[in-house]
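Survey of secondary and tertiary structure
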Amino acid sequence: MADQKDRLDDFKVQTAKHPNISSAPLRPHSEHSKDRASKRLSSDSNGTSEGGVGSSTPVEVTALEESFRRFAIHGDTRATGKDMHGKNWSKLCKDCGVIDGKNVTLTDVDIVFSKVKKKSCRTITFDEFKVALGELARKKFKEKSGEEAEAEVFKLIEGKTPVIAGVTRAVASPTVSRLTDTTKFTGSHKERFDDTGRGKGKAGRVDIVDTSGYVSGYKHQGSYEKKINKPSMAKPM
């Protein structure tokens with residue numbers, strides 16, 4: 001009891017010396033946690049750490065890099081857009097008009113790709129991509145300087161997206177057409193289709209028993225019933 005009384009007296013003395021201590025209400029611990037989380041998110045979005053001074057603006061993606069990413073992820077759902085396969089590299093050069101068939105051919109594109117990529121990799125990064133374009137630019141625009149040629153090639157690619165071709169039509173193969181021609185079927189397979197090539201359904205797969213009472217091949221089925229059931233004409237009086 002004496003110890004608690006001494007602590008209470010000390011608290012009163014400290015309060016008398018510093019009257020502003022109790023003026024600010026104490027905030028719960030949960031609110032402090034929310035403030036720290038919001039501060040971390042804002043610093044991450046600005047590209048700085050919590051202890052950093054100032055904020056740096058996010059890096060702006062150029063039109064050339066945006067086209068690189070679009071072609072890099074084309075046809076591959078697992079691609080991240082940070083590197084590009086040789087197939088998509090060839091498609092980019094074809095769709096953007098880098099390949100002209102004279103100064104730059106598909107063979108040149110493949111050779112440059114193998115030249116700039118690392119030996120242990122099957123893809124190229126964006127930096128290697130620009131180096132490869134520089135190689136092709138000097139081939140395509142021989143009359144211009146290196147920087148001017150690169151600028152011209154960059155203009156051909158900036159803002160472009162992969163060209164999606166139409167649906168591939170099936171090629172008629174003699175082997176396939178022979179296997180699907182119902183007029184050449186024999187045996188039980190022939191009985192599954194009618195003269196027009198349309199399937200008969202269950203009638204072509206199962207032997208359906210005829211319970212009408214007529215022999216097979218009889219062509220006047222039902223004629224007797226029509227004759228018997230024909231309404232008789234009343235004779236005039």
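This structure is a prediction, so every number in the text was calculated from the model and none was measured.

**Some remarks on the overall build of the protein chain**
- Counting secondary structure elements, the protein chain contains nine helices and two strands.
- Along the protein chain, helices (α) and strands (β) appear in the sequence α-α-α-β-α-α-β-α-α-α-α when read from the amino end.
- When the 237 residues of the protein chain are sorted by exposure, 17% land in the buried category.
- A sequence separation of at least 24 residues applies to 46% of the contacts in the protein chain between residues at least 6 apart.

**Some remarks on helix H4 (residues 86-95)**
- For H4, every residue scored as buried is listed here: Asn88, Trp89, Ser90, Leu92 and Cys93.
- As for H4, its buried residues are in contact with helix H3 (63-72), strand S1 (83-85), helix H5 (106-116), strand S2 (123-125), helix H6 (126-140) and helix H7 (146-157).
- Gly97 occupies a position one or two residues after H4 and carries a positive phi of about 80 degrees.

**With respect to the side chain of Glu128**
- With respect to the secondary-structure elements, Glu128 resides in helix H6.
- A polar contact is formed between the side chain of Glu128 and the backbone nitrogen of Thr125, at a distance of 3.0 Å.
- Once residues within four sequence positions are removed from consideration, Glu128 is found in contact with Val116, Lys117, Lys118 and Thr123.

**As for the packing of H5 against H6**
- Look at H5 against H6: their axes get within 9 Å of each other, and the N-to-C directions meet at 140 degrees. When the axis of H5 is compared with that of H6, the two are oblique. At the point where H5 passes H6, the crossing takes the right-handed sense. Counting all contacts with H5, which are made through Asp108, Val109, Val112, Lys115 and Val116, the residues of H6 involved are Glu128, Val131, Ala132, Glu135 and Leu136.

**A short note on the side chain of Asn88**
- Take Asn88: it is sitting in helix H4.
- The class for Asn88 is buried, based on a relative accessible area of 8%.
- A polar contact of 3.2 Å, which involves the side chain of Asn88, links it to the backbone oxygen of His74.
- Those residues in contact with Asn88 that lie beyond four places of it in its chain are Phe71, Ala72 and His74.

**Quick notes on the environment of Lys115**
- Examined against the element boundaries, Lys115 turns out to sit in helix H5.
- Lys115 gets classed as exposed once you look at its relative accessible area, which sits at 57%.
- C-alpha of Lys115 to C-alpha of Glu135: the two residues are 20 residues apart in sequence and 9.8 Å apart in space.

**Details of the nonpolar core**
- Counting residues in hydrophobic clusters, the biggest one holds 27 residues, and the most contacted among them are Trp89, Phe129 and Ile157.
- Elements represented by at least two residues in this core include exactly H3, H4, H5, H6 and H7.
- With six residues, H6 is the single largest residue contributor to this core.
- Ignoring sequence-local partners within four residues, the contact set of Trp89 consists of Met84, Val109, Phe113, Ile124, Phe129, Ala132, Leu133 and Leu136.

The rules behind the values
Residues numbered from 1 in each chain as written. Predicted model: local features only at pLDDT ≥ 70, side-chain atom pairs only at ≥ 80, totals over all residues. Heavy atoms only, no water. Helix = DSSP H or I, 4+ residues; strand = E, 2+ residues; numbered from the N terminus. Buried < 20%, exposed > 50% of the residue type's maximum accessible area, 1.4 Å probe, protein only. Contact = heavy atoms within 4.5 Å. Polar contact = N/O pair within 3.5 Å; in protein donor to acceptor, adjacent residues only side chain to side chain. Axes fitted to C-alpha atoms, helices over the stretch in contact; angles between N-to-C directions. Parallel < 35°, antiparallel > 145°, perpendicular 65-115°, else oblique. Left-handed = near helix turned anticlockwise from the far one by under 90°. Core = buried A, V, L, I, M, F, W, Y, C linked by side-chain atoms within 4.5 Å.

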